[in-house]
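Here are the chains, one letter per residue:
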Amino acid sequence: GRLRSQIEMLVRENTDLREEIKVMERFRLDAWKRAEAVERSLEVEKKDKLANTSVRFQNNQISSGTQVEKYKKNYLPVQGNPPRRSKSAPPRDLGNSDKGQAASPREPLEPLNFPDPEYKEEEEEHNTQGEISHPDGKVEKVYKNGCRVILFPNGTRKEVSADGKTITVTFFNGDVKQVMPDQRVIYYYAAAQTTHTTYPEGLEVLHFSSGQIEKHFPDGRKEITFPDQTVKNLFPDGQEESIFPDGTIVRVQRDGNKLIEFNNGQRELHTAQFKRREYPDGTVKTVYANGHQETKYRSGRIRVKDKEGNVLMDTEL
């Protein structure tokens, strides 16, 4: 009689546990669906952001070429024979992207490693501990090392490490998203061959297939490093700065004035009214909007020419 009572009690407990398992399974499925909905919305936002970045990249590639040609056309002509005059080449392409930021010291970015898309079925089958098939078509595999893999009907694959801190999602279109233990989120766009890394402090880094690197800082500053190591910076207040490998620096102020510092010590100031070049020996040459040109030498000599090049005044004559 005691054994029968114990059997009946165990049967009731077993039934209750089965019911509890069903309820927990429903809760788990609901939680997965909510997480996937949030994840899909985040992926849509990232793809839209990358598309906007690509459009800006192409637009600025066109505009930057126009800027260079305009600069070459308006490059100040050399007049007279100012002492110690040296020839300076105009700056190269100011960059083919729209935004940049002042260079800041930061540790080198570690190489980005993504999982091999070729899946070793035999090895995984050997290490599989359990497998769960969900009503919506998903298949969840649990491995002996504690890792979990969820296979979605559309071909997307999600891997979760044993500690839950590393998540890798390989999408059906070849995109790969990684969530790292240090909370970095690395997204690889297969079509554009671009890697977008988001750091927990808000820094975003984009690696393009051309070798170009963009850094978007939380305070609105941006920095672009081009394959030729030209660095273009853009600041939230509208100022721009481009640093070329030869040491030439071009700064664009908020009012549109442009200051160019050459590696030979010469400086140029471009405004709407005039363009002025200063030489290391103290010679200052100015070309005004109406075409008149004025050269001041360190000795005090002043020479003025009209737009045709005729000398209007020369204090040394």
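If you're wondering where the values come from, they're calculated on a predicted model, not measured in any experiment.

It is not clear to me how the overall build of the protein should be interpreted in this structure. Could you clarify?
Across its full length, the protein holds two helices and 21 strands. Counting contacts in the protein only where the partners sit at least 6 residues apart, residues at least 24 apart contribute 33% of the total. With the model as given, the accessible surface of the protein reaches about 19,300 Å², and the carbon-plus-sulfur share is 53%.

Any chance you could explain the packing of aromatic side chains here in plain terms?
Pairs of aromatic rings are described using the distance from one ring centre to the other and the angle between the two planes. Within the structure shown, the criterion is met by three aromatic pairs. An aromatic cluster is built from Phe-171, Tyr-187 and Tyr-189, whose rings are joined through pairwise contacts. One Lys or Arg, Arg-221, reaches over the ring of Phe-217 and ends 4.9 Å from the middle of that ring.

Quick question: what am I supposed to make of the pairing of strand 2 (residues 139-143) here?
Regular strands place side chains that alternate from one sheet face to the opposite one. Of all five residues in strand 2, four are buried; the element is thus mostly enclosed. Note that strand 2 and strand 3 (residues 148-151) share four bridges and pair antiparallel. Looking at the pairing, Val-142 lines up with Arg-148 of strand 3. The loop that links strand 2 with its antiparallel partner strand 3 comprises four residues; one of these, Gly-146, has a positive phi angle of about 95 degrees.

Any chance you could explain the UniProt feature "domain: Centromere protein J C-terminal" (unreviewed entry) in the protein here in plain terms?
As annotated by UniProt and renumbered to match this structure, "domain: Centromere protein J C-terminal" (unreviewed entry) occupies residues 131-160, 200-228, 236-270 and 275-304. The straight-line gap between the two end C-alpha atoms of residues 131-160 is 15 Å; of that span, 0% is helix and 53% is strand. Regarding residues 200-228, the helix share stands at 0% and the strand share at 41%, and the terminal C-alpha atoms are separated by 29 Å.

Hey, could you run me through the environment of Gly-174 in this one?
One can find Gly-174 in the loop between strand 5 (167-170) and strand 6 (176-179). By relative accessible area, which is 31% here, Gly-174 ends up partly exposed. Sequence spacing of Gly-174 and Ala-190 is 16 residues, and the spatial spacing of their C-alpha atoms is 5.4 Å. The contact partners of Gly-174, leaving out residues within four places of it in the chain, are Tyr-188 and Ala-190.

How should a negative patch on the surface be read in this particular structure?
On the surface, Glu-13, Asp-16, Glu-19 and Glu-20 cluster together to form a negatively charged patch. As for its position among the elements, Glu-20 is in helix 1 (residues 2-73). Judged by relative accessible area, Glu-20 falls into the partly exposed class, the value being 48%.

I tried to follow the confidence of the model for the protein on my own but got confused; where do I start?
Close reading of the predicted structure is inappropriate where its pLDDT is low. When pLDDT is averaged along the protein, the result is 77; 72% of the residues meet or exceed 70. The low-confidence segment residues 60-112 (pLDDT under 50) makes 135 contacts with residues lying over four places distant or belonging to another chain.

Teacher, can you tell me more about the side chain of Arg-184 here?
Within the secondary structure, Arg-184 sits in the loop between strand 6 and strand 7 (185-189). A polar contact is formed between the side chain of Arg-184 and the side chain of Asp-182, at a distance of 2.7 Å.

Could you clarify how one ought to interpret the environment of His-270 in this entry?
In this fold, His-270 is placed in strand 16 (residues 267-270). Judged by its relative accessible area of 10%, His-270 falls in the buried class. Separated by 16 residues in the primary sequence, His-270 and Thr-286 place their C-alpha atoms 9.8 Å from one another.

Help me understand the pattern of salt bridges, please; the structure alone is not making it clear to me.
Side chains bearing opposite charge may pair, as long as their charged atoms lie close to each other. Summed over all chains, the structure comprises 11 salt bridges. Measuring nitrogen to oxygen at the nearest pair gives 3.0 Å for the salt bridge that ties Arg-251 to Glu-241. Residue Arg-251 is located in strand 14 (residues 249-252), and its partner Glu-241 is located in strand 13 (residues 240-243); the two are separated by 10 residues in the primary sequence. Owing to a relative accessible area of 14%, Glu-241 belongs among the buried residues under this scheme. Residues joined by salt bridges that share partners form a network here, namely Glu-241, Arg-251 and Glu-261.

Rules of the game
- Residues numbered from 1 in each chain as written.
- Predicted model: local features only at pLDDT ≥ 70, side-chain atom pairs only at ≥ 80, totals over all residues.
- Heavy atoms only, no water.
- Helix = DSSP H or I, 4+ residues; strand = E, 2+ residues; numbered from the N terminus.
- Contact = heavy atoms within 4.5 Å.
- Areas by Shrake-Rupley, 256 points an atom, 1.4 Å probe, with all protein chains shown as cover.
- Phe/Tyr/Trp six-rings, centres within 6.5 Å; stacked < 30°, edge-to-face > 60°.
- Lys NZ or Arg CZ within 6 Å of the ring centre and 35° of its normal.
- Buried < 20%, exposed > 50% of the residue type's maximum accessible area, 1.4 Å probe, protein only.
- Pairing = 2+ DSSP bridges.
- UniProt positions renumbered as here; feature names shortened; annotations may be inferred.
- Patch = residues over 30% accessible without salt bridge, like charges linked within 9 Å, V, L, I, M, F, W, Y side chains within 5 Å.
- Salt bridge = Lys/Arg side-chain N within 4 Å of Asp/Glu carboxyl O.
- Lys, Arg positive; Asp, Glu negative; His and termini not counted.
- Charge placed at Lys NZ, Arg CZ, Asp CG, Glu CD.
- pLDDT = per-residue confidence, 0-100.
- Polar contact = N/O pair within 3.5 Å; in protein donor to acceptor, adjacent residues only side chain to side chain.

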